[in-house]
Amino acid sequence: MKSVIYYFSGTGNNLAIAKQLAKELGETTVLPMSELVQNKMISDEYEWVGFTAPSYFSHVPPYVEECMKDVSYNEKQKVFLIAGCGGNRGLAIQDMRKQVYNSKKEVDLEYMVMLSGSYILSYGSFPMWYQKFFIKQSYKKIHKMALDIKNGRKRKPLGKGIFYKTKYEAAVQHSIANYAMIGKQFKVSDKCSACEACLKICPVGNISLTDGKITFGDHCNQCMGCIQWCQNHAIDYQGKAAKRKRYHHLDVKRQDLFQR
Ligand SMILES: Cc1cc2nc3c(=O)[nH]c(=O)nc-3n(C[C@H](O)[C@H](O)[C@H](O)COP(=O)(O)O)c2cc1C
């Protein structure tokens with residue numbers, strides 16, 4: 001049984017989920033979501049097609065919906081969805097499910113996996129014991145997910161996250177609408193060594209090197225990858241990250257996230 005898992009990841013949480021699940025399943029290809037921009041057709045060789053993405057302000061990043069839009073599956077393929085979030089998945093699963101349904105496909109399995117939060121503009125890295133605890137829990141859950149997939153199980157669709165309330169939606173949409181504007185205002189200090197790691201990590205290709213300087217485009221999805229992974233701590237937004245401890249998934253190296 002061959003599978004493919006598409007992921008979107010800033011700090012490595014969803015990549016770690018995809019990789020661990022691939023290890024459990026065997027014969028599984030792990031690909032960044034951006035692959036779907038070039039090719040919307042899922043190869044017939046895959047029996048299962050999975051997507052794993054974070055919840056940012058109760059929704060998947062807009063880029064994830066863009067990538068999942070108009071994907072073409074064959075009749076036999078089965079689909080699973082994973083929201084790898086900090087504990088409040090909100091409507092992340094619903095966002096992905098909507099795109100799969102629009103492609104006239106059912107979803108067989110849906111899961112939430114809780115890992116450390118990554119929003120450094122509001123908080124720094126959680127304590128090590130917390131990170132390790134949730135990584136261990138996530139691997140236990142992924143083991144069960146692999147059994148469900150191997151046994152061809154179907155589960156009930158997930159509801160919205162327990163902390164999500166419809167009355168938050170306007171505020172949530174306001175935050176999402178600001179992603180690009182905030183990203184455009186990221187500042188790079190003279191600690192930058194132009195190593196281009198941020199550029200290679202950015203899951204939406206929003207960062208470029210112009211005349212030896214890192215510059216930000218206008219389609220940031222707020223994954224925080226550039227700020228969190230910069231080894232010189234050279235990237236910040238309004239000084240918010242300056243005194244905060246960086247976070248990335250303990251089992252992911254920054255090279256693992258390089259897409260270009
Ligand atoms: C901009 C932003 C907003 C976030 N909002 C939420 C949220 O609403 N609910 C939640 O559970 N986690 C939230 N998080 C935490 C991430 O969902 C969580 O850390 C996720 O596992 C990160 O995955 P990644 O490293 O693959 O990007 C947010 C993180 C960021 C960067």
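Above this note sits the structure.
Below, the structure is looked at part by part. Predicted model, so just to flag it, every value in this text is computed and none were measured.

**Some details on helix α6 (residues 169-177)**
Note that an α-helix has 3.6 residues per turn; residues three or four places apart therefore point the same way. Here α6 has its buried residues at E169, V172, S175 and I176. Buried residues in α6, looked at end-on, bunch into an arc of 120 degrees, giving them a common side. Exposed residues pointing more than 90 degrees away from the buried face of α6 are listed as A170, H174 and A177. Where α6 is buried, its residues contact α3 (62-68) and α7 (179-184).

**Concerning the site of the ligand**
Among the 23 residues in the neighbourhood of the ligand, the closest are listed as S9, T11, S55, N88 and S116. In this structure, G87 approaches the ligand through a main-chain N or O atom, which is 3.0 Å from an oxygen atom. The side chain of S118 places a nitrogen or oxygen atom 3.1 Å from an oxygen atom of the ligand. Of all elements in the fold, only α1 (13-25) and β4 (78-85) reach the threshold of two or more residues within the shell around the ligand.

**Side note on the packing of aromatic side chains**
Each aromatic ring pair is summarised here by two numbers: the centre-to-centre distance and the angle between the ring planes. Under the definition given, this model contains 13 aromatic pairs. Summarising the aromatic geometry, the rings of W129 and Y130 are spaced 5.7 Å apart at their centres and angled 75 degrees between planes, so their arrangement reads as edge-to-face. Given a relative accessible area of 61%, W129 falls into the exposed group. Through pairs of rings, three or more aromatic residues link up here, namely Y123, F126, W129, Y130, F133 and F134.

**Comments concerning the pairing of β4**
Most of β4 sits out of view: seven of its eight residues are buried. Where strand β3 (residues 48-53) meets β4, six bridges bridge the pair, whose relative direction is parallel. Opposite A53, over in β4, you have A83 as the bridge partner. As a crossover connection, the stretch from β3 through α3 into β4 is right-handed.

Thresholds, definitions, all that
Residues numbered from 1 in each chain as written. Predicted model: local features only at pLDDT ≥ 70, side-chain atom pairs only at ≥ 80, totals over all residues. Heavy atoms only, no water. Buried < 20%, exposed > 50% of the residue type's maximum accessible area, 1.4 Å probe, protein only. Helix = DSSP H or I, 4+ residues; strand = E, 2+ residues; numbered from the N terminus. Arc of directions from axis to C-beta. Contact = heavy atoms within 4.5 Å. Near = heavy atom within 4 Å. Polar contact = N/O pair within 3.5 Å; in protein donor to acceptor, adjacent residues only side chain to side chain. Phe/Tyr/Trp six-rings, centres within 6.5 Å; stacked < 30°, edge-to-face > 60°. Pairing = 2+ DSSP bridges. Right-handed = clockwise from strand over helix to strand, strands pointing away.

As far as function goes, none of this settles anything; it's purely spatial.
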